[in-house]
Amino acid sequence: AQAQPVDMLERASELFRSISVASLCEADLANSGLNYPTTSATASTPSQTSPEELMKKTSSAKIGEVSAFLSHCWRDEDNSPGMKFAALRTWASRVEEMEGSGPTIWLDKACIDQTRIKESLRCLPVFLAGCKGLLAIAGQEYTTRLWCVMEIFTFIQMGGRQASIQVVPIGSEDHTLNHVLAGFATFSGEKARCAEKDDEHRLLAVIEASFGDFVHFNETVRHVLDERRHLSITMATLPKIEEVHL
């Protein structure tokens, strides 16, 4: 039977976890290692942390107390290895400077209970709403993955403010970064894909039901990606990239 809203909130509150950015290392973001719709097809290696190992670093979290939901595409690691981690640590250091303590995040690989994956995925809207903000670290693949942009859409639909979203474009070379920024401006939801066709059809149906067509949806996502990157971390803080004046 379909879960009622109150039941779903109770389940989500029970499953909601967070992890301190300070406890993460580069290997933790090298590969997903789990059955999640935005994962890379790259096989895990011994140098990559397993979800079970990473979950040991997490702790139970209360709704509204987690610093940010990390929205990202695992396949971006193939094009720009290590840059997602560098961007995350840079963001965390800025937060710590402003707030006096290191931030926590909701990270799919760490915070999805491997024994309750499907149930955890159904709770994603509540997990998004349970975070103070959304941090999107976006490489070349980000806007091609429907799950990623739906996280932005869902965060706003669940009451999150656009001012609470930060978008950090990453790319290993200048031309790669320019490609990422071009992808922001030309985003087209009807062209984005999911690893699982069933997920793709379901998410596309949600968009059509909410907007009637993709025009408004595309405009909304493009606006968020463009507007919120103006307030994000400068690329000068990341390795191999010169500052981009936004």
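Residues numbered from 1 in each chain as written. Predicted model: local features only at pLDDT ≥ 70, side-chain atom pairs only at ≥ 80, totals over all residues. Heavy atoms only, no water.

Chemist: Looking at this model, I keep getting lost on the overall build of the protein chain. Mind explaining?
Modeler: Helix and strand counts for the protein chain come out as eleven helices and six strands. By residue count, 52% of the 246 residues in the protein chain fall in the buried class. Across the protein chain, the fraction of contacts at a sequence separation of at least 24, relative to all contacts at a separation of at least 6, is 80%. When the accessible surface of the protein chain is totalled, it reaches about 11,500 Å², and 49% of it is carbon and sulfur. (Helix = DSSP H or I, 4+ residues; strand = E, 2+ residues; numbered from the N terminus. Buried < 20%, exposed > 50% of the residue type's maximum accessible area, 1.4 Å probe, protein only. Contact = heavy atoms within 4.5 Å. Areas by Shrake-Rupley, 256 points an atom, 1.4 Å probe, with all protein chains shown as cover.)

Chemist: Looking at this structure, I do not really get the packing of helix 9 (residues 174-185) against helix 11 (residues 214-229). What am I missing?
Modeler: Two quantities define a packed helix pair, namely the angle between the helix axes and the distance between the axes. Two elements in contact, helix 9 and helix 11, have axes separated by 7 Å at closest approach and are oriented at 135 degrees. In terms of orientation, helix 9 lies oblique with respect to helix 11. Where helix 9 approaches helix 11, its residues Leu-181, Phe-184 and Ala-185 are matched on the opposing element by Arg-222, Leu-225 and Arg-229. Looking at the contact of helix 9 with helix 11 residue by residue, the class counts come to four nonpolar, no polar and two charged. (Axes fitted to C-alpha atoms, helices over the stretch in contact; angles between N-to-C directions. Parallel < 35°, antiparallel > 145°, perpendicular 65-115°, else oblique. Nonpolar A, V, L, I, M, F, W, Y, C, P; charged D, E, K, R; others polar.)

Chemist: What is the right way to read the nonpolar core from this model?
Modeler: Leu-107 and Phe-217 are the most contacted members of the largest nonpolar core, which has 70 residues in total. The leading source of residues in this core is helix 8 (residues 146-157), at eight residues. Not counting chain neighbours up to four residues away, the residues in contact with Leu-107 comprise Ile-19, Leu-24, Leu-29, Leu-54, Leu-70, His-72, Trp-74 and Ile-112. (Core = buried A, V, L, I, M, F, W, Y, C linked by side-chain atoms within 4.5 Å.)

Chemist: When you look at the pairing of strand 1 (residues 17-20) in this model, what are you seeing that I'm missing?
Modeler: Within a regular strand, side chains alternate between the sheet's two faces. For strand 1 and strand 2 (residues 59-60), the ladder comprises two bridges, and the chain directions are antiparallel. Considered in strand 2, the bridge of Ser-18 is made with Ser-59. Relative to strand 4 (residues 104-106), strand 1 is paired through two bridges, and the arrangement is antiparallel. The residue bridging Ser-20 from the neighbouring strand is Thr-104, located in strand 4. (Pairing = 2+ DSSP bridges.)

Chemist: Please explain the side chain of Thr-58 as it appears in this structure.
Modeler: You can see Thr-58 is positioned in the loop between helix 2 (51-55) and strand 2. Reaching out from Thr-58, the side chain makes a polar contact with the side chain of Arg-17 at a distance of 2.8 Å. Side-chain polar atoms of Thr-58 contact the backbone oxygen of Met-55, separated by 2.6 Å. If we skip the residues at most four places from it in the chain, Thr-58 touches Arg-17, Ser-18, Ile-19, Ala-110 and Cys-111. (Polar contact = N/O pair within 3.5 Å; in protein donor to acceptor, adjacent residues only side chain to side chain.)

Chemist: Honestly, the sheet that holds strand 1 in this entry has me stumped. Any pointers?
Modeler: Pairing between the strands of a sheet is mediated by backbone hydrogen bonds and can be parallel or antiparallel. Read from one edge to the other, the open sheet built from six strands follows the order 2-1-4-3-5-6, with strand pairing classed as mixed. If you trace the sheet from one side to the other, it starts and ends with strand 2 and strand 6 (165-169), each paired once. Helix-sheet contacts for helix 4 (residues 83-99) involve strand 3 (66-72), strand 4, strand 5 (131-138) and strand 6, and the interaxial angle to strand 5 is about 145 degrees. Sitting on the sheet, helix 8 is in contact with strand 3, strand 5 and strand 6, with an inclination near 155 degrees to strand 5.

Chemist: What should I look at first to understand the packing of aromatic side chains in this one?
Modeler: By convention here, two paired aromatic rings are described through the distance between centres and the angle between planes. Enumeration according to the criterion identifies seven aromatic pairs in this entry. On the numbers, 5.4 Å between centres and 50 degrees between planes, the contact of Phe-153 with Phe-211 is tilted. Residue Phe-153 is located in helix 8, and its partner Phe-211 is located in helix 10 (residues 197-211); the two are separated by 58 residues in the primary sequence. Comparing Phe-153 with Phe-211, the two get one shared label, buried. (Phe/Tyr/Trp six-rings, centres within 6.5 Å; stacked < 30°, edge-to-face > 60°.)

Chemist: Can you help me understand the environment of Trp-106 in this one?
Modeler: Within the secondary structure, Trp-106 is located in strand 4. Assessed through its relative accessible area of 1%, Trp-106 is described here as buried. Distance from Trp-106 to Ser-71, taken between C-alpha atoms, is 9.0 Å for residues 35 residues apart in sequence. Aside from chain neighbours lying at most four places away, what touches Trp-106 is Phe-16, Arg-17, Val-66, Ala-68, Phe-69, Leu-70, Cys-111, Ile-112, Leu-124, Phe-127 and Cys-131.

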